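Reading the structure
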Amino acid sequence: MTQPLADMRRDYTRDGLTEANAPVEPFALFTRWFEEAVKTEQPPVEANAMTLATVDGEGRPHCRVLLLKALDAQGFTFFTNYESDKGRHLLANPFAAMTFFWPTLERQVRIEGRVSKVSHEESDAYFQVRPLGSRLGAWASPQSRVIADRAELEGLLKATEQRFSDGQPHCPEHWGGYRLVPERIEFWQGRSSRLHDRLNYRLIDQAWQRERLAP
Ligand SMILES: Cc1cc2nc3c(=O)[nH]c(=O)nc-3n(C[C@H](O)[C@H](O)[C@H](O)COP(=O)(O)O)c2cc1C
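Residues numbered from 1 in each chain as written. Predicted model: local features only at pLDDT ≥ 70, side-chain atom pairs only at ≥ 80, totals over all residues. Heavy atoms only, no water.

As annotated in an unreviewed UniProt entry, the chain is Pyridoxine/pyridoxamine 5'-phosphate oxidase from Pseudomonas eucalypticola. The record in UniProt for the chain states the following under Sequence similarities (unreviewed entry): "Belongs to the pyridoxamine 5'-phosphate oxidase family." Looking at the Function (unreviewed entry) heading of the UniProt record, one finds this comment for the chain: "Catalyzes the oxidation of either pyridoxine 5'-phosphate (PNP) or pyridoxamine 5'-phosphate (PMP) into pyridoxal 5'-phosphate (PLP)." (UniProt positions renumbered as here; feature names shortened; annotations may be inferred.)

What follows is the structure in structure tokens.
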């Protein structure tokens with residue numbers, strides 16, 4: 001290793017997060033931070049990439065990176081294969097957590113809540129704007145299943161291309177969106193000497209309560 005892990009650190013000095021510049025509800029703050037991340041983060045960082053944690057039926061956590069594809073007053077939406085591992089976890093335990101990390105801005109946002117499937121119409125509307133290759137991939141790939149080799153996947157894709165030779169695949173029943181409806185959203189702004197700002201919003205009796213957490 002070129003640099004010992006114990007010596008790898010960065011001091012965060014870019015910005016602060018105070019109660020005075022944070023709104024009383026979290027969606028407006030998330031939208032502001034997200035727009036700043038889209039403007040500021042440079043490729044290969046994708047501002048809408050986040051880590052999604054799910055818990056399986058035996059209480060074991062699993063996480064993976066996904067893309068946030070919609071945000072509205074109802075919640076945070078991502079798309080995936082309903083028969084994937086994460087789909088099975090969400091069936092057993094419909095709660096999840098998302099973490100966004102915007103390194104240039106020295107920011108992290110953590111979102112936790114209940115997850116449910118969006119309507120098939122909503123999934124289909126998004127499916128139809130995906131590139132053809134992604135739409136065919138959603139049909140071809142049995143996400144999270146063991147496959148023999150790359151050739152098996154390519155064979156599955158070839159068969160899918162033949163099935164949809166008109167170039168118009170519709171949205172499969174096993175693929176679609178999930179919406180996480182947040183109960184907690186925490187905004188973390190890195191500060192110097194590890195004295196970071198953490199504003200945590202919790203939904204209590206339908207109203208957002210804000211509190212500051214120690215770093
Ligand atoms: C940058 C990035 C974006 C990704 N976006 C998605 C996505 O939007 N939907 C998805 O199903 N998988 C996405 N993946 C793949 C997932 O991380 C994961 O491999 C896949 O969903 C299977 O997860 P599971 O076996 O836990 O269900 C993405 C991976 C990366 C690195």
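So that's the structure; there's more coming.
1. Some thoughts on the UniProt feature "binding site: substrate" (unreviewed entry) in the chain
According to UniProt, the positions carrying the feature "binding site: substrate" (unreviewed entry) are Arg 9, Arg 10, Asp 11, Tyr 12, Lys 69, Tyr 126, Arg 130, Ser 134, Arg 194, Leu 195 and His 196. These annotated residues cover 188 residues of sequence, and their C-alpha atoms reach 43.1 Å apart at the extremes, leaving them scattered rather than at a single site. Residues that both appear in the annotated list above and line the largest pocket are Lys 69, Tyr 126, Arg 130 and Ser 134. When you line up the elements, Ser 134 lands in helix H4 (residues 132-140). Taking relative accessible area as the criterion, Ser 134 reaches 28% and is therefore assigned partly exposed. (1 Å grid on protein atoms, 1.4 Å probe; cavity = no way out; pocket = protein on both sides within 12 Å on 5 of 7 lines; lining within 4 Å. Helix = DSSP H or I, 4+ residues; strand = E, 2+ residues; numbered from the N terminus. Buried < 20%, exposed > 50% of the residue type's maximum accessible area, 1.4 Å probe, protein only.)

2. A short note on the packing of H4 against helix H5 (residues 150-163)
Between H4 and H5, the shortest axis-to-axis distance is 9 Å and the interhelical angle comes to 115°. With respect to H5, the element H4 is oriented roughly perpendicular. In the packing of H4 onto H5, the handedness of the crossing is right-handed. Facing H4, whose interface residues are Leu 136, Trp 139 and Ala 140, H5 presents Leu 156, Leu 157, Thr 160, Glu 161 and Arg 163. (Axes fitted to C-alpha atoms, helices over the stretch in contact; angles between N-to-C directions. Parallel < 35°, antiparallel > 145°, perpendicular 65-115°, else oblique. Left-handed = near helix turned anticlockwise from the far one by under 90°. Contact = heavy atoms within 4.5 Å.)

3. A word on the packing of aromatic side chains
Tallied over the full model, the rule gives 18 aromatic pairs. Look at Phe 30 and Phe 34: their rings are 6.0 Å apart centre to centre, the planes differ by 10°, and that puts the pair in the stacked class. Separated by four residues within a single helix, Phe 30 and Phe 34 lie in helix H1 (residues 26-40), roughly one turn from each other. We classify Phe 30 as buried; its relative accessible area is 0%. A cation over a ring is seen here: Arg 107 above Trp 33, with NZ or CZ 4.2 Å from the ring centre. The ring of Tyr 82 has Lys 117 sitting right over it, with the charged end atom 4.3 Å from the ring centre. (Phe/Tyr/Trp six-rings, centres within 6.5 Å; stacked < 30°, edge-to-face > 60°. Lys NZ or Arg CZ within 6 Å of the ring centre and 35° of its normal.)

4. Looking at the site of the ligand
The environment of the ligand is made up of Glu 46, Arg 64, Val 65, Leu 66, Leu 67, Phe 79, Thr 80, Ser 84, Asp 85, Lys 86, Gln 143 and Ser 144. Counting only elements with at least two residues in the shell around the ligand, the list comes to strand E2 (61-67), strand E4 (75-81) and helix H2 (85-92). When residues in the shell around the ligand are grouped by element, the largest group, four residues, is from E2. (Near = heavy atom within 4 Å.)

5. Considerations on the pattern of salt bridges
For the coordinates displayed, the defined rule picks out 15 salt bridges. As a salt-bridge pair, Glu 106 and Arg 10 come within 3.0 Å of each other at their nearest N and O atoms. Pair noted here: Glu 106 is in the loop between strand E5 (95-102) and strand E6 (107-117) and Arg 10 is in the segment before H1, with a separation of 96 residues, a long-range link. The class of Glu 106 is buried, set by a relative accessible area of 7%. A salt bridge links Glu 154 to Arg 150, with the nearest nitrogen and oxygen atoms 3.2 Å apart. One end of the pair, Glu 154, and the other, Arg 150, are both in helix H5, four residues apart, so they sit about a helical turn from each other. We classify Glu 154 as partly exposed; its relative accessible area is 47%. The class for Arg 150 is exposed, based on a relative accessible area of 58%. Several salt bridges converge on common partners, so that one network encompasses Arg 110, Glu 112, Arg 184, Glu 186 and Arg 198. (Salt bridge = Lys/Arg side-chain N within 4 Å of Asp/Glu carboxyl O.)

6. Notes on the pairing of E4
Within E4, seven of the seven residues are buried, leaving the element largely enclosed by the surrounding structure. Hairpin remark: strand E3 (residues 70-72) followed by E4, antiparallel, with two residues in the connecting loop. Bridge count between E4 and strand E7 (residues 175-189): six bridges; the pairing is antiparallel. When the sheet's bridge partners are listed, Thr 77 is paired in E7 with Arg 179. (Pairing = 2+ DSSP bridges.)

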